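# Report on the structure
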Amino acid sequence: GQQVMQIPQYQHVQEGEDFTTYCNSSTTLSNIQWYKQRPGGHPVFLIQLVKSGEVKKQKRLTFQFGEAKKNSSLHITATQTTDVGTYFCAAHEGAQKLVFGQGTRLTINP
Amino acid sequence: DGGITQSPKYLFRKEGQNVTLSCEQNLNHDAMYWYRQDPGQGLRLIYYSQIVNDFQKGDIAEGYSVSREKKESFPLTVTSAQKNPTAFYLCATRTSGTDTQYFGPGTRLTVL
């Protein structure tokens, strides 16, 4: 079945530093989704990328979908303490199922 | 999200007992999903249902059972056959024509 590998597993930064998490697949993806889970909370949808080479921005967050549609990244500029949490990428396997990456846990030193 | 209720938030059971986790939604979404999350891990799909009275096994269905008698409800039973039931269980919904899944607050099950 579909597999997505996400790295790094953990990332600790000083507040104000940038952060990037990467998601990779060995197969071409139809689309990629990103979710954020705050500590003790549940995943919340952030964005979906569909087109090859697509770049989308949400304030300090920049999402990219690779040209070959096999990888994606989430970059946060100038992290804030509110960015703490685990970021997951997810890809479709068929029309109904999502396969999640293992997530990158971001902690921030204020 | 506000329209998905999972109760209780914390649940404790003795080993060998079956336990049913509740998931109710008022979003009128067609599809519902159950995921399991272990510490430091991603989400793994247990079961999903696209319409009432129909459901499919996910990647880790062994030791679990579900029913979908109403559109609003998708309860998950963790049976005594599940070898490592202690985990965080998340219910999600999705409306037809979109890819976004909306998650409930989750139930943290501890089997003693």
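Report on the accompanying structure. (Residues numbered from 1 in each chain as written. Chains lettered and ligands numbered in written order. Predicted model: local features only at pLDDT ≥ 70, side-chain atom pairs only at ≥ 80, totals over all residues. Heavy atoms only, no water.)

Here we take up the interface of chain B and chain A. Contacts between the two partners involve 21 residues from chain B and, on the opposite side, 18 residues from chain A. Surface buried jointly by chain B and chain A totals about 1,700 Å² across both partners, of which 48% is contributed by carbon and sulfur atoms. Among the residues chain B hides against chain A, the three largest losses belong to L43, D99 and F103 of chain B. Together they make up 27% of the total. At the junction of chain B with chain A, the criterion picks out one salt bridge. Among the salt bridges present, the one from D59 of chain B reaches K97 of chain A, with a minimum N-O distance of 3.3 Å. Linking chain B with chain A are nine residue pairs in polar contact (both at pLDDT 80 or more). Mapped onto the side of chain B that touches chain A, the elements with two or more residues apiece are β4 (31-37), β5 (43-51) and β9 (87-94) of chain B. When residues in the side of chain B that touches chain A are grouped by element, the largest group, four residues, is from β5 of chain B. Its residues assigned to classes, the side of chain B that touches chain A shows nine nonpolar, eight polar and four charged. (Contact = heavy atoms within 4.5 Å. Buried area = accessible area lost by both parts, 1.4 Å probe. Salt bridge = Lys/Arg side-chain N within 4 Å of Asp/Glu carboxyl O. Polar contact = N/O pair within 3.5 Å; in protein donor to acceptor, adjacent residues only side chain to side chain. Helix = DSSP H or I, 4+ residues; strand = E, 2+ residues; numbered from the N terminus. Nonpolar A, V, L, I, M, F, W, Y, C, P; charged D, E, K, R; others polar.)

To continue, consider the sheet that holds strand β8 (residues 71-76) of chain A. Within a sheet, each strand pairs with its neighbour through backbone hydrogen bonds, oriented either parallel or antiparallel. All names here are of chain A. Spatially, the five strands line up as an open sheet ordered β1-β3-β8-β7-β6, and their pairing is antiparallel. Unpaired on one side and paired on the other, β1 (5-7) and β6 (55-58) mark the two borders of the sheet. Within this sheet the neighbouring strands show an average axis-to-axis angle of 15°, counted without direction. Of the strand pairs in this sheet, strand β7 (residues 61-65) and β8 are connected by five bridges, and their pairing is antiparallel. Among the inter-strand pairings, F63 is bridged to a residue of β8, identified as L74. (Pairing = 2+ DSSP bridges. Axes fitted to C-alpha atoms, helices over the stretch in contact; angles between N-to-C directions.)

Residues and elements named next belong to chain B. Together, Y10, F12 and L112 line one region of the surface with nonpolar side chains, adding up to about 380 Å² of accessible area. Along the chain, L112 turns up in the segment after β11 (107-111). Classification of L112 by relative accessible area gives exposed; the value is 64%. (Patch = residues over 30% accessible without salt bridge, like charges linked within 9 Å, V, L, I, M, F, W, Y side chains within 5 Å. Areas by Shrake-Rupley, 256 points an atom, 1.4 Å probe, with all protein chains shown as cover. Buried < 20%, exposed > 50% of the residue type's maximum accessible area, 1.4 Å probe, protein only.)

One pass over the full model with this rule turns up seven salt bridges over all chains. Note that E93 of chain A is salt-bridged to K97 of chain A, the shortest N-O span being 3.4 Å. K97 of chain A gets classed as buried once you look at its relative accessible area, which sits at 11%. If you follow the salt bridges from partner to partner, you end up with E93 and K97 of chain A together with D59 of chain B in one network.

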